[in-house]
Amino acid sequence: MNRRLLIILILLAVAPLAMWFALSQGSLNISAAELWQALRGNPDNATANLVIHELRLPRALSAFAVGGLLALSGALLQVLLRNPLADPYILGVSGGAAVAALLSMLGGLGIGWVRGNAFAGALISMFLVFGLSRLGTVWTQNRLLLTGVVIAAGWGALISLILALAPSAQVQGMLFWLIGDMSYSQQPAMALMALVAGLAVSMWFARALNLLLRGENTAAALGENPTRLRIIIYLVASLLTAMAVTLAGSVGFVGLVIPHILRLLGGSDHRFLLPACVLLGGGFLTIADTLARSWTAPVQLPVGVITALLGVPVFLLLLVRSR
Amino acid sequence: MSSLRAEELSLSIAGRRLCDKLTVTLHAGENWVILGANGSGKTTLLHAFAGLRAPDGGHVSLDDREVGGIPHRVRARTIGVLFQDPEPAFPATVLETVLTGRYPHLDRWQWEGKDDYRAVEAALAAVGLEGLAQRPLATLSGGERRRVEIATLLTQDAPICLLDEPTNHLDLRHQIEILELLADRARRPEHFNIGVLHDVNLAARFGTFGILLFDNGECLHGPLSEVLNRANLERLYHCRLREIHDQDTVGFLPL
């Protein structure tokens, strides 16, 4: 009980620190005082002002939003499928987005079109999996999982096909998109709103999710309608993923491991787990993205590489230490 | 006055009729047992009583209300179910698991309070698991995990308990203790139990009424003293039985 509260408080403190770190790092040296002045809207130092407000702040907020979206979506899908290996991409949402995004790049469309089509692709994949998994007799977790995994594999094949056919000049951009890259993420408003809305909806069902962890029959016997719950959770998690993928491509690892780290630390009560996922996922991706753009500057790395490089050892350490 | 009534209830699975036009009323204060061979439809019948499975014909009603139509949360305050085998779950502690029994009693935004934790403690003590609240489920034995499930049912505190093989995984002592505990609950006002049991002798010892599910959907129900005899049981299980009389109790053993 107290331990969970403590974790939430620590995470609440860490999130602004991660933001601060993201804002102060970069090719232009900005001191703490200048940063503070710029944040308060003081126009004395025009360069610092411009860099903070036009470049670093939108990007840091985007990273936070994407991290939060992915971790929340991962936590929801792990309960929905009752499978610890589930991550936001397991049901093919990101595959649909990737195919649409890559086709748009192949067609030479601008970043705005790539985004819009990626979102549309994610939605198409979401409804495709939903519809196909409901054909036939009963809608079970395994049916949903299998349908999603197979559709994802189908998207994977199309992605490989596009990569093989694409002119080599375009392949690097495509790879960055597939690994997850925040270089073009400058409009965080939509994603932040989706994050807040998604958290609000899933908190509404947080206690019901605790029941779903014990199984569908148990949930039904203890007072939840599991079918309704499953449909809502599926739609919410897919929309969260679609939003994240649209902004940053398929950043890996965050959605799989952040929920597990928090379960190891504070247990699986979703009233704790879901907000903690948003805070830790957001903070983690903010820091990872800052490292991705400053570590090998002026060369920018795709953030998906950093999340895995940071996350794997941390997670293994926790896993080993938890008995 | 709570009562469960099956009217012309028919159930089938994969084209096989399990129970054909069963009409029976279960009243408070009674302790029912469902007996039948493997695959005779005991669990299916229990789920139909719980409203978790729609009947293929007829009705199940709780105080004149179709049981499947009652909102889940309202129903969960009246009917508790102990499943035959818990579905494999994510890692959780004993406390977290048993607390889920309070779900139907709490509002959406309400956190579990002192009373709920007290209910969990009492339930754990009742099944002999006091002091294990913080243990992860994975570190418990099969029998201990079964008792965690039973503690969750006690915490749910529903007047009607549907028990699918409650003695699964339990040793001799705990079989008797748990069945005694559950039978005691059935004697409270407005309370009753329906349990699936494989052990005929335990059924005879703790039950008061029985439903026997024969092949081809034929069923027989009534006070156990009337329906529980060698002829019926031999027809039920398709095996020869020996009847053993010891003072005023009768036991049955397979030959």
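Residues numbered from 1 in each chain as written. Chains lettered and ligands numbered in written order. Predicted model: local features only at pLDDT ≥ 70, side-chain atom pairs only at ≥ 80, totals over all residues.

Undergrad: Would you mind showing me how to read the sheet that holds strand E8 (residues 192-196) of chain B here?
TA: Strand pairing in a sheet relies on backbone hydrogen bonds. The paired strands run either parallel or antiparallel. Residue and element names in this part refer to chain B. Read from one edge to the other, the open sheet built from six strands follows the order E6-E7-E8-E3-E9-E10, with strand pairing classed as mixed. What marks the edges here is a single partner per strand, and that holds for strand E6 (79-82) and strand E10 (219-223). Within this sheet the neighbouring strands show an average axis-to-axis angle of 15°, counted without direction. For strand E3 (residues 31-36) and strand E9 (residues 209-213), the ladder comprises five bridges, and the chain directions are parallel. Of the residues in E9, the one forming a bridge with Gly-36 is Leu-213. (Pairing = 2+ DSSP bridges. Helix = DSSP H or I, 4+ residues; strand = E, 2+ residues; numbered from the N terminus. Axes fitted to C-alpha atoms, helices over the stretch in contact; angles between N-to-C directions.)

Undergrad: Before we go on, may I ask you to explain the interface of chain B and chain A in this structure?
TA: Size of an interface, as often reported, equals the accessible area lost when the parts are brought together. Contacts between chain B and chain A engage 20 residues on the former and 19 residues on the latter. Secondary-structure elements contributing two or more residues to the side of chain B that touches chain A are helix H2 (72-78) and helix H3 (94-99) of chain B. Take the side of chain B that touches chain A: its biggest share by element is three residues, from H2 of chain B. For the side of chain B that touches chain A, the residue count by class is 11 nonpolar, five polar and four charged. (Contact = placed C-beta atoms within 7 Å. Nonpolar A, V, L, I, M, F, W, Y, C, P; charged D, E, K, R; others polar.)

Undergrad: Can you help me understand the sheet that holds strand E5 (residues 65-66) of chain B in this one?
TA: Residues and elements named next belong to chain B. Strand order across the open sheet formed by four strands is E2-E1-E4-E5, with antiparallel pairing between neighbours. Each edge of the sheet is formed by a strand with only one pairing partner; in this case those strands are strand E2 (16-27) and E5. Across the sheet, helix H1 (residues 42-50) touches strand E1 (3-13), E2 and strand E4 (57-62), and the angle it forms with E1 is around 135°.

Undergrad: So what exactly am I meant to see when it comes to the environment of Gly-148 of chain A here?
TA: All names here are of chain A. Residue position: Gly-148 is located in helix H6 (residues 141-165). Between the alpha carbons of Gly-148 and Ser-238 there is a distance of 11 Å; along the sequence they are 90 residues apart. The contact partners of Gly-148, leaving out residues within four places of it in the chain, are Ile-90, Leu-91, Gly-92 and Val-129.

Undergrad: Help me understand the nonpolar core in this model?
TA: The nonpolar side chains of soluble globular proteins are, as a tendency, buried together. Val-66, Leu-69, Leu-72, Ala-97 and Cys-277 of chain A together with Ile-34 and Leu-162 of chain B are the most contacted members of the largest nonpolar core, which has 169 residues in total. Here the element with the most residues in this core is helix H3 (residues 46-80) of chain A; it accounts for 18 residues. What Leu-72 of chain A contacts, discounting residues up to four positions off in sequence, is Gly-198, Leu-199, Ser-202, Leu-240, Leu-274, Cys-277, Val-278 and Gly-281 of chain A. (Core = buried A, V, L, I, M, F, W, Y, C linked by C-beta atoms within 7 Å. Buried ≥ 20, exposed ≤ 12 C-beta atoms within 10 Å, placed from the backbone.)

Undergrad: I would appreciate a short explanation of unusual backbone geometry in the present structure.
TA: Glycine aside, the phi torsion of most residues is negative, and most peptide linkages are trans. At Arg-82 of chain A, a position not held by glycine, the phi torsion is positive, near 45°. Mapped onto the fold, Arg-82 of chain A is located in the loop between H3 and helix H4 (93-106). Classification of Arg-82 of chain A by C-beta neighbours within 10 Å gives partly exposed; the count is 19. The phi torsion at Asp-157 of chain B lies on the positive side, around 55°, for a residue other than glycine. Within the secondary structure, Asp-157 of chain B sits in the loop between helix H5 (142-156) and strand E7 (160-164). Note on Asp-157 of chain B: 16 C-beta atoms within 10 Å, which makes it partly exposed.

Undergrad: Explain the pairing of E9 of chain B here, please?
TA: Sheet faces and side chains relate simply in a regular strand, where the side chains alternate between the two faces. Counted residue by residue, E9 of chain B has five buried out of five residues, so it is predominantly covered. Here E9 of chain B shows two buried faces, one formed by Phe-209, Ile-211 and Leu-213 of chain B and the other by Gly-210 and Leu-212 of chain B.

Undergrad: Hey, could you run me through the pairing of E1 of chain B in this one?
TA: Residues and elements named next belong to chain B. Looking at chain direction, E1 and E2 are connected through eight bridges and run antiparallel. Considered in E2, the bridge of Leu-4 is made with Leu-26. In this sheet, E4 lies alongside E1 in antiparallel orientation, the contact comprising five bridges. Bridging from a neighbouring strand, Ala-6 pairs with Val-60 of E4.

Undergrad: I would appreciate a short explanation of the packing of helix H5 (residues 111-134) of chain A against helix H11 (residues 226-248) of chain A in the present structure.
TA: Residue and element names in this part refer to chain A. One can describe the packing of H5 onto H11 by two numbers: an axis separation of 9 Å at closest approach and a directional angle of 155°. With respect to their mutual orientation, H5 and H11 come out roughly antiparallel. Once H5 is placed against H11, the crossing between them reads as right-handed. Together, Arg-115, Ala-118, Phe-119, Ala-122, Leu-123, Met-126 and Phe-130 of H5 and Tyr-234, Ser-238, Thr-241, Ala-242, Val-245 and Thr-246 of H11 make up the contact between the two elements. Residues belonging to the contact of H5 with H11 are distributed by class as follows: nine nonpolar, three polar and one charged. (Parallel < 35°, antiparallel > 145°, perpendicular 65-115°, else oblique. Left-handed = near helix turned anticlockwise from the far one by under 90°.)

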